[in-house]
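One-letter residues, chain by chain:
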Amino acid sequence: MNATPATTKTDAETEPRTDAEKETAATAEATSTPGGAPAEKVSGATGTPDAPDTEDHPEPEDGHLGGELDAGAAPARAGFGAGAAAVVAGALGAVSLTGTWMGKTLSERATLIGQIKTSQGGTAAQQIQQIYGNSWHTTALVNGVFALLALIVGAVVLARPAFGTPGRAEQPVWVKAVALAGVVLGVVGLLISAGMYLDLFAALPSAKG
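Conventions adopted
Residues numbered from 1 in each chain as written. Predicted model: local features only at pLDDT ≥ 70, side-chain atom pairs only at ≥ 80, totals over all residues. Heavy atoms only, no water. Helix = DSSP H or I, 4+ residues; strand = E, 2+ residues; numbered from the N terminus. Buried < 20%, exposed > 50% of the residue type's maximum accessible area, 1.4 Å probe, protein only. Contact = heavy atoms within 4.5 Å. Areas by Shrake-Rupley, 256 points an atom, 1.4 Å probe, with all protein chains shown as cover. Phe/Tyr/Trp six-rings, centres within 6.5 Å; stacked < 30°, edge-to-face > 60°. Core = buried A, V, L, I, M, F, W, Y, C linked by side-chain atoms within 4.5 Å. Expected span 1.5 Å × (residues − 1). Bend = angle between axes of the 7 residues up to and from the residue. Arc of directions from axis to C-beta. pLDDT = per-residue confidence, 0-100.

Another aspect to go through is the overall build of the chain. Broken down by element type, the chain carries 6 helices and 0 strands. Its helices and strands in sequence order give the chain the pattern α-α-α-α-α-α, from N to C terminus. When the 209 residues of the chain are sorted by exposure, 18% land in the buried category. Pairs at least 24 apart in sequence give 73% of the contacts found in the chain among residues at least 6 apart. Put simply, the chain shows about 15,500 Å² of open surface, and 63% of that area lies on carbon and sulfur atoms.

This part covers the packing of aromatic side chains. Applying the stated criterion across every chain, the model contains 1 aromatic pair. Look at Tyr132 and Trp136: their rings are 6.3 Å apart centre to centre, the planes differ by 20°, and that puts the pair in the stacked class. Of this pair, Tyr132 and Trp136 both sit in helix α5 (residues 124-159), 4 residues apart, which is roughly one turn of the helix. What makes Trp136 partly exposed here is its relative accessible area of 29%.

A few words on the nonpolar core. Note on soluble globular proteins: their nonpolar side chains tend to be buried together. Counting residues in each nonpolar core, the largest one holds 5 residues, listed as Ala82, Ala86, Val157, Val175 and Ala179. Residue contacts for Ala179: discarding those within four places in its chain leaves Ala86, Gly154, Val157 and Leu158.

Here we take up the side chain of Ser107. For Ser107, the location among the structural elements is in helix α4 (residues 101-118). For Ser107, a relative accessible area of 11% translates into the label buried. What Ser107 contacts, discounting residues up to four positions off in sequence, is Ser135, Thr138 and Thr139.

Of note in this structure, Asp199 is not a glycine but carries a positive phi near 60°. One can find Asp199 in the segment after α6 (173-197).

Before going further, it helps to examine α5. Taking 1.5 Å of rise per residue, the 36 residues of α5 would be expected to cover 52 Å, and the 51 Å separating its terminal C-alpha atoms lies within 8% of that figure. At Gly133, α5 shows its maximal bend, which comes to roughly 35°.

Turning our attention to the environment of Ala125. With respect to the element layout, Ala125 can be found in helix α5. Spatially, the C-alpha atoms of Ala125 and Leu204 are 9.4 Å apart, while their sequence positions differ by 79 residues.

For α4, spanning 18 residues, the distance from its first C-alpha to its last is 26 Å, which sits close to the expected 26 Å at 1.5 Å a residue. Among all positions in α4, only Gly103, Ser107, Ala110, Thr111, Gly114 and Thr118 are buried. Axial view of α4: buried residues confined to an arc of 100°, hence all on one face. For α4, the exposed residues set more than 90 degrees away from the buried face come down to Trp101, Arg109 and Ile116.

The predicted model of the chain has a mean per-residue pLDDT of 75, with 59% of residues at 70 or higher. The model gives residues 1-15 a pLDDT under 50, and that stretch makes 1 contact with residues more than four places away or in other chains.

Right, dumping it as structure tokens:
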């Protein structure tokens, strides 16, 4: 009688697979495709692709950029206005010393009114006062008004930084210089106008000769 040969199993076939071997095999199957090409790299247990990192390159905020532009434009507008006011103060101060077209016109009007009043008769003193004195005083009054305006505008320009927003940029040097010139010319113009109006520099002509 023929005996059936016994089949022997190797240790590798008989021993059960360990947990480490099972995980290695599962990883190999997951990282390979049916065609043998490697699969795309996955992230985490969900198998989703890695998202691009955007933390290193944040997008600029439009609101923040607009705020910086507005903050830079505000000092420019303030400096422009201060410069214009300083030039106006200087011009008014110069005009108060040289005279204006308005002052000349009002002076001629005062002369005409004096001639009309004294046309019907009057003493020599009255004629001098009405024709010459009133015209002289009108010119002094107009020049004094322009000098006062120059003094006020220049003083406001110089004093504006003290009452402005703390931390605001300082006024340019030329703005301060022109405003100061307007103040000085205004003071000088006021003194001259006051002297003319009060007949301090030259008295009215006397009828007695």
